Structure formats: structure tokens, C-alpha cells
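Close look at the chain arrangement
What follows is each chain in one-letter form.
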2 protein chains.
Amino acid sequence: MTATDGGANDGGAGSRAGSGDGGTGPGGDTVAAVVRQWRAVHPDLDTGPMEIIGRINRCAALLQQAEDAPLRRAGLSRAEFDLLGALRRTGHELTPGELARETFSSGAAVTKRLKQLTERGLVERRGDTRDRRVAHVRLTDTGRDLVDGILPEQLAYESAVLSGVDGPRQGELAALLGGLLGQLEGRLDALRA
Amino acid sequence: MTATDGGANDGGAGSRAGSGDGGTGPGGDTVAAVVRQWRAVHPDLDTGPMEIIGRINRCAALLQQAEDAPLRRAGLSRAEFDLLGALRRTGHELTPGELARETFSSGAAVTKRLKQLTERGLVERRGDTRDRRVAHVRLTDTGRDLVDGILPEQLAYESAVLSGVDGPRQGELAALLGGLLGQLEGRLDALRA
DNA sequence: AACAAGTGTTTTACCTGTAAATCAAATGTC
DNA sequence: GACATTTGATTTACAGGTAAAACACTTGTT
């Protein structure tokens, strides 16, 4: 769900007025409505996890749509911007493999993106002299300027999107999410095994 | 990012040990590391939004990978499960259009999924008698049993994934996310315009 | 030195999603 | 009652993404 944004990532959630039940109203967000539906059908199940995971997934879907807007104006997909951003923020050259790890995508995807970004003159490649398998990728001046130009817009846009939540709550949210993410990044490999 | 899961949804984030900087350590999660990198390069920018949006996106990516596991065992993609789940939790037939709205995906995607799920005998269709454009889709007994069999596993799995966060914090997180989501669902159309 | 095994990158084949065009049927308008 | 408009669903063309295979090169072993 990146390019044009996907859709079906709801953690068992997903809902909308659809037929007749009007907007969200004072009953909560759409995920709350979905959880209510599930509870009506399976009163025995603990739907607690949905209230977190469903909401994270739904927020992510909505935020990505929103975020894409400023990027699209610059003719970049989010995946492309992530790649360029990785080069910009690290400040040094990266190999395709490193870029794949940095952007959490497959090597094949990085290869394709690099091809396009190179054609557009945003990145350059140079072969390693020691190990002739590896390439080193760096931003061109154009690429650097593009990232530096977009980033402030992007952040301003994100600020606007979050403006409905007051300052202190934003802080709490960031902290709690940081805690969760730390747990997930640490434990996930373990759980998957 | 669903079928096999997407990847590059980071909100300007994305990071991993990559070369040599070891695990996450007591410095925070990977998003915190990315934010530090950005601040080093652009000390003037307000990176606050990244700490929320970047984390939501990254959590969503990780959670979806994790969630996929129990579904995959049942031979379903998340998108397919979302569709079946919508039918199960509403308890009545839905038209393709309603299913698209429920699962936040395009009509074309629903058409394709319905074709596959029908072939697998998990859903059935019936034409509307009044309006011959519309179809009504319902779960077969097999489909219903499949959903009912998977759902508890799914929730148990999600519980396990969240178990690193203690009870009270889970509650706070759910509430804060609910607030954010409510804002986003209400205001997003406005912002996009 | 030859060769097995490993590593970094790219290629291939395929799958799934979207947007836009198309088809089909209902509905409003004159 | 014919005709433009709208609405529901499907088809088409295409853009990415992945997994697995293929390459190219390096490194360890004997």
C-alpha cells in the first residue's frame, strides 16, 4: 500500500457508514464500530487487541494517503522518497543492500527504484574498487535539493494532519508508540520463529 | 501492502542497524534513530510529527507481517480475510460496492477477490431481483466456519504480539489512537481538498 | 591453484492492486 | 416514452512489489 496507497489493512477492522448508520458520531471512530459488530457476533472473544492494532493499521492507511499529497506534487512516490531520504539523512553513500535494509524493502524493489531515480538524475552510482560486486549510491545535487525542498513541506503537512490532537497528547502518543515499537522490533523475530 | 505485505511505509522513517551501529539499545526504537539523523542534518526543522507518524507507519508494517502468519496458515491473505470478516461481522449479505467501502478498497479489487473466494467456495452470490445491476454476496457455511475458526487464533496472536506493553498502557494507547483516528476520519477529506 | 560456499545485485515470472474505460441497468427530465 | 445522467459492477491496461533463480564476484578450504 504505497504507490497509490493500498487499502485493506485493518487488523480485522474496516468499516464505514456504508448503508445507513450515518457518520461516526459520538460513538467513536470506525474501528470502535467494527469492534462492536464483532462483539455482538462473538461475545466471548477478547477484542482488546483490535482496538490497538486495528486503529494503528487504519491510521497508517489514512496517514499515508494524506502524506502522499505533498510528495506527489513533487512527482515522487513514498517509496522513492524513503530511498532518497535514507541517503540524505545518513549523509553518505549507501550500497543497494544497505538501502534495502534502511527502507525495509526487498533488494529487487531497490534495484528497480534505483534504475528510475538514476534515469531521473536524482542519484548516481559508482562501483566499489575493492569488491566489484557492490555499488555505491549517492544523491546528485539535484536529488539533494529535491529532498531538502520537500522535507519542510512534508513536515508542515504532517503537523497539520496531527493538529487535531493537542500537544501533551501528541507527546504521550509518541512515547507509547515508541514503547510498543521498541517491543515489536525486539521481539518480533522471536515471535515469528 | 497486503498480500505479501508491503514495505516502504515509514513516514520519512526507516532505519536498521545496517552497517555497524548495533541494535536499538537503550536509545529508543529505529524511528528515534532516524529522527536523530534528520535533526543532525536539518537542526532547524521540527521533527515532532515523525515521532508519531513514522512510528505508526512502522508499527503497522511490522504488525501486518506478524498478523499475516495465522492467516497464511489458513491460506488467506489479509485482504481476503477482511472481506470475509466484513460479511461475518455485519451478519448479513453485502453488495460488492458495500464490501468495497467496508474494506476500504477499490471496487475492482473486490471483484477480483470475490471471484477467487467464490471459486474456493467461501462465498456465494445472488442477483438482486429489483435492481439487476447489483449482486448480494454472503458467506457459505464453509466460509463462515473458516472465519470463526481463524478469528480466535488471530486475536490470540495479536494479544501475544502486544504482550510487551502492560495493560494500563494498552488502554491509554487504544484511547489516544481512537482520538487521533476520529480526528483523521473526520478531518481528512477537508485537508485533502 | 582449484573449487565449494557465501555474498551483493540483478533478472525473471508472477501476483495483486489501482485508475480509467466499459457495460448494464435504473432513474430523472422534458 | 425517448434520452441524458447516474449508479453498480466488471474489464482492461499497467504500475509496483515480491520470491526465487541467475549472475558475478569474493572468500575460505584443501
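Residues numbered from 1 in each chain as written. Chains lettered and ligands numbered in written order. Predicted model: local features only at pLDDT ≥ 70, side-chain atom pairs only at ≥ 80, totals over all residues. Heavy atoms only, no water.

**Remarks on the overall build of chain A**
Note the threshold: Where helices and strands are cited, they refer to DSSP runs of H or I of at least four residues and of E of at least two residues respectively, numbered from the N terminus. Any residue under 20% of the maximum accessible area for its type is buried, any over 50% is exposed, and the rest in between are partly exposed; the area is computed with a 1.4 Å probe on protein chains only. It only takes one pair of heavy atoms within 4.5 Å for two residues to be counted as in contact. Exposure was quantified through the Shrake-Rupley algorithm and a 1.4 Å probe, taking into account, for residues, occlusion by the shown protein chains and nothing else.
For chain A, the helix and strand inventory stands at seven helices and two strands. Along its sequence from the N terminus, chain A presents helices and strands in the succession α-α-α-α-α-β-β-α-α. For chain A, buried positions account for 51% of its 193 residues. Counting contacts in chain A only where the partners sit at least 6 residues apart, residues at least 24 apart contribute 53% of the total. Only carbon and sulfur atoms are counted for the fraction: they give 51% of the accessible area of chain A, which is about 8400 Å².

**Some words on the protein's contact with DNA strand D**
What counts here: The near set for a molecule or strand comprises every residue that places at least one heavy atom within 4 Å of it. Counted as a polar contact is a pair of N or O atoms within 3.5 Å, where, for protein atoms, one must be capable of donating a hydrogen and the other of accepting one, and residues adjacent in sequence contribute only when both atoms are in side chains. Gly is placed with the polar residues, together with every amino acid not listed as nonpolar (Ala, Val, Leu, Ile, Met, Phe, Trp, Tyr, Cys and Pro) or charged (Asp, Glu, Lys and Arg).
Residues in contact with DNA strand D amount to 22 residues; listed here are only the nearest, Ser106 of chain A together with Pro96, Gly97, Arg125 and Arg133 of chain B. Sugar and phosphate atoms represent 65% of those atoms of DNA strand D found within 4 Å of the protein. In this structure, Lys112 of chain A approaches DNA strand D through a side-chain N or O atom, which is 3.1 Å from a base oxygen. Here a phosphate oxygen of DNA strand D sits 3.3 Å away from a polar atom, N or O, in the side chain of Arg113 of chain A. For the surface near DNA strand D, the secondary structure elements donating two or more residues are α5 (107-119) of chain A together with α4 (96-103) and α5 (107-119) of chain B. Among the residues forming the surface near DNA strand D, the class breakdown is seven nonpolar, six polar and nine charged.

**Focus: the nonpolar core**
Condition: Here the nonpolar core consists of buried residues drawn from Ala, Val, Leu, Ile, Met, Phe, Trp, Tyr and Cys, with membership extended through side-chain atoms lying within 4.5 Å.
Membership of the largest hydrophobic core comes to 92 residues, with the highest contact counts inside it found for Ile56 and Leu99 of chain A together with Ile56 and Leu99 of chain B. If sequence neighbours within four positions are ignored, Ile56 of chain A has contacts with Leu177 and Leu180 of chain A together with Ile56, Cys59, Ala60, Leu63 and Leu177 of chain B.

**Some details on the UniProt feature "domain: HTH marR-type" (unreviewed entry) in chain A**
Here is the rule we go by: UniProt positions are given in the numbering used here, feature names are shortened, and annotations may be inferred rather than shown by experiment.
Per the UniProt record, "domain: HTH marR-type" (unreviewed entry) is annotated on residues 49-182 of chain A. Taken as a whole, residues 49-182 of chain A contains 72% helix and 7% strand, while its terminal C-alpha atoms sit 18 Å from one another.

**Digging into the domain arrangement of chain A**
Residues and elements named next belong to chain A. Put simply, the test is: Throughout, the edges of the domains are those of an automatic or database domain assignment. We define a salt bridge as a contact between a side-chain nitrogen of Lys or Arg and a carboxyl oxygen of Asp or Glu at a distance within 4 Å.
Per the domain assignment, the segments making up chain A are domain 1 (1-73) and domain 2 (76-182). Of the residues lining the interface, 11 residues belong to domain 1; the matching set on domain 2 comes to 13 residues. The interface formed by domain 1 and domain 2 holds zero salt bridges in total. Where domain 1 meets domain 2, there are one residue pair in polar contact (both at pLDDT 80 or more). Across the side of domain 1 that touches domain 2, the residue classes tally to six nonpolar, one polar and four charged.

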